[in-house]
Amino acid sequence: MRLSRTTYPGARRPSAVGVVHLGLGAFHRAHQAVYTEEAMAATGDDRWGICGATQRSTTVADQLGPQDGLYTVSTGGPPQVVGAITEVLPPGDERLTAALAHPGTRVVTLTITEKGYAPGSPAVAALVAGLRARARADAGPITVLSCDNLPGNGAVLAGLVRAAAGDGLAEWIAGQVRFPSSVVDRMVPATTPEDLAEVARRLGLEDRGAVVAEPFRQWVIEDDFAGERPAWERAGALLVADAEPYERMKLRLLNGSHSMLAYLSRHEYVRDAVAELAEPVAGLMEEVTPTLGALPGFDLDAYKASLLERFANPRLRHRTAQIAADGSQKLPQRLLDPARELLAAGREPRWIARAVAGWMRYVTTASTLDDPLADRLRVPEPDKVVLTVDRLLAVSAVFGEDLPADQVFRDLVTESLAELIADSTG
Ligand SMILES: NC(=O)c1ccc[n+]([C@@H]2O[C@H](COP(=O)([O-])OP(=O)(O)OC[C@H]3O[C@@H](n4cnc5c(N)ncnc54)[C@H](O)[C@@H]3O)[C@@H](O)[C@H]2O)c1
Ligand SMILES: O=P(O)(O)OC[C@@H](O)[C@@H](O)[C@H](O)[C@H](O)CO
């Protein structure tokens with residue numbers, strides 16, 4: 001029997017939709033939806049049901065629709081049923097515009113992946129159509145909250161929305177919409193068939209929308225809302241004036257290390273890769289530490305140690321291939337920004353160069369390349385190190401104009417790539 005509000009009548013039943021979410025993947029279900037569920041439980045304010053939409057495929061709608069939006073999150077103990085999602089819309093569903101224009105909707109959250117922030121993104125187009133309808137309906141203020149792994153994600157999204165909306169909507173957006181940045185953290189691998197089988201066994205019901213996550217979770221949100229919001233702080237979210245120091249720490253230490261593991265290891269899962277690569281990962285973390293802003297009272301050494309433990313979590317089947325995908329969209333904020341800052345300070349970003357060389361080996365040797373810039377990342381003779389480094393550094397959408405011109409960086413990457421190729425052929 002399948003999980004649904006009929007077979008599991010005890011699930012939370014929000015009284016209204018208060019949040020619209022774009023990009024209803026595994027991460028939203030294990031992160032923002034859980035915070036929202038717990039905020040409703042803590043306050044008794046049940047108006048914060050989530051209307052979730054997908055832009056790319058009908059898979060999630062097919063999984064969650066027949067389950068009335070219910071699914072489970074497993075972090076080690078028994079699967080927990082989450083009832084916060086009340087509507088699931090497949091790509092192109094016209095109800096999305098109506099939901100964004102409804103006065104009860106006060107917040108839009110997004111997890112549309114890094115490439116979802118490219119100009120012309122369908123998610124941004126859908127958001128702008130909804131905001132236009134909301135302005136016409138005079139439905140009141142709304143907060144647009146990016147939850148993707150990008151620096152300054154609020155400002156980036158605001159820029160895309162303003163550009164797509166044009167002058168006609170500019171005044172309304174300026175008065176009615178806020179775009180706070182937020183930093184999100186919880187490792188949530190794509191669900192595997194083994195995970196689904198285990199959840200079915202433990203729950204006694206089939207759950208095709210199940211997600212498996214690590215126990216740790218963090219959400220740092222800039223406290224700049226246009227109107228009401230769920231009391232996420234009651235579920236542990238941190239409301240701050242400026243998320244940037246958290247963002248640097250998380251993107252550079254956690255996500256930078258994740259990418260290094262994905263490109264330097266041949267293991268299928270992160271948990272095994274980290275056993276092999278503990279030294280380079282620790283080296284990378286030390287190397288980027290001078291580029292992190294001050295976080296008074298925060299124990300950085302404990303955080304770094306905890307990351308190594310989190311990566312090694314034996315319950316997580318986090319595939320290195322999933323993290324390696326879309327590298328052209330991830331390298332700049334995870335590895336290249338800190339490299340620039342280290343170079344400017346006269347330091348050699350050796351471990352970053354090694355991770356970048358790992359990416360170069362990966363994009364030139366992978367049998368299929370899952371990356372929006374895949375066509376530009378093909379190199380005719382991948383065994384020729386200098387040529388490969390030349391060709392890939394010239395992709396300015398990834399490396400800008402400055403890094404290719406930096407001889408120290410070029411030499412470090414060339415040396416590392418030569419070593420990696422020698423290691424894999426020798
Ligand atoms: N999974 C994690 O551990 C994790 C942790 C922190 C942050 N995040 C953030 O959440 C994002 C999504 O992760 P996930 O695990 O849910 O992935 P997922 O593959 O399960 O879901 C991705 C969602 O993004 C949508 N999407 C993909 N490409 C898009 C595009 N070009 N335009 C608009 N929408 C697009 C898909 O339709 C899907 O709904 C990540 O890219 C990251 O920014 C994930
Ligand atoms: O989800 P992505 O594709 O942006 O990146 C994969 C991982 O590096 C990342 O998702 C981490 O699991 C996450 O950022 C942990 O909070």
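Residues numbered from 1 in each chain as written. Chains lettered and ligands numbered in written order. Predicted model: local features only at pLDDT ≥ 70, side-chain atom pairs only at ≥ 80, totals over all residues.

As recorded in an unreviewed UniProt entry, the protein chain goes by the name Mannitol dehydrogenase family protein, listed as coming from Nonomuraea longicatena.

**Structural notes on the site of ligand 1**
Test applied: The rule is simple: place the C-beta atom from the backbone, and if it lies within 6 Å of a molecule or strand, the residue is near it. Going along the chain from the N terminus, every DSSP run of H or I of four or more residues is numbered as a helix, and every run of E of two or more is numbered as a strand. Here the nonpolar group is Ala, Val, Leu, Ile, Met, Phe, Trp, Tyr, Cys and Pro; Asp, Glu, Lys and Arg are the charged ones; every other residue, Gly included, is treated as polar.
Around ligand 1, 24 residues are found, and the nearest of them are Gly25, Phe27, Arg56, Gly116 and Asp148. For the shell around ligand 1, the elements supplying multiple residues, two or more each, are helix 1 (26–30) and helix 5 (122–137). Here the shell around ligand 1 is built from residues that sort into nine nonpolar, 10 polar and five charged.

**With respect to the site of ligand 2**
Filter applied, for reference: What fixes the domain bounds is an automatic or database domain assignment.
Around ligand 2, a shell composed of Glu114, Asn149, Asp185, Arg186, Met187, Leu254, Asn255, His258 and Ile323 is seen. Among the elements that line the shell around ligand 2, the one with the most residues is helix 9 (residues 244–264), at three residues. Counted by class, the shell around ligand 2 contains three nonpolar, three polar and three charged residues. Residues from two domains meet in the shell around ligand 2; each of domain 1 (17–240) and domain 2 (244–425) gives at least three.

**With respect to the UniProt feature "domain: Mannitol dehydrogenase C-terminal" (unreviewed entry) in the protein chain**
Our working definition: UniProt positions are given in the numbering used here, feature names are shortened, and annotations may be inferred rather than shown by experiment.
On the UniProt side, "domain: Mannitol dehydrogenase C-terminal" (unreviewed entry) is annotated at positions that read residues 243–420 here. The span residues 243–420 is 68% helix and 0% strand, and its two end C-alpha atoms sit 36 Å from each other.

**Some points on the packing of helix 9 against helix 11 (residues 278–288)**
Heads up, the rule is: Every axis in this analysis is a line fitted to C-alpha atoms, fitted for helices over the stretch in contact. Angles between the N-to-C directions lie between 0 and 180 degrees. By convention, the crossing between two helices is left-handed when the near helix turns anticlockwise from the far helix through less than a right angle, and right-handed when the turn is clockwise. A pair of residues counts as a contact when their C-beta atoms, built from backbone coordinates, are within 7 Å of each other.
Relative to each other, helix 9 and helix 11 sit at 145°, their axes nearing to 10 Å. The crossing of helix 9 and helix 11 is right-handed. Contacts from Arg252, Leu253, Gly256, Ser257, Met260, Leu261 and Leu264 in helix 9 reach Pro280, Val281, Leu284, Met285 and Val288 in helix 11. Tallied by class, the residues present in the contact of helix 9 with helix 11 amount to nine nonpolar, two polar and one charged.

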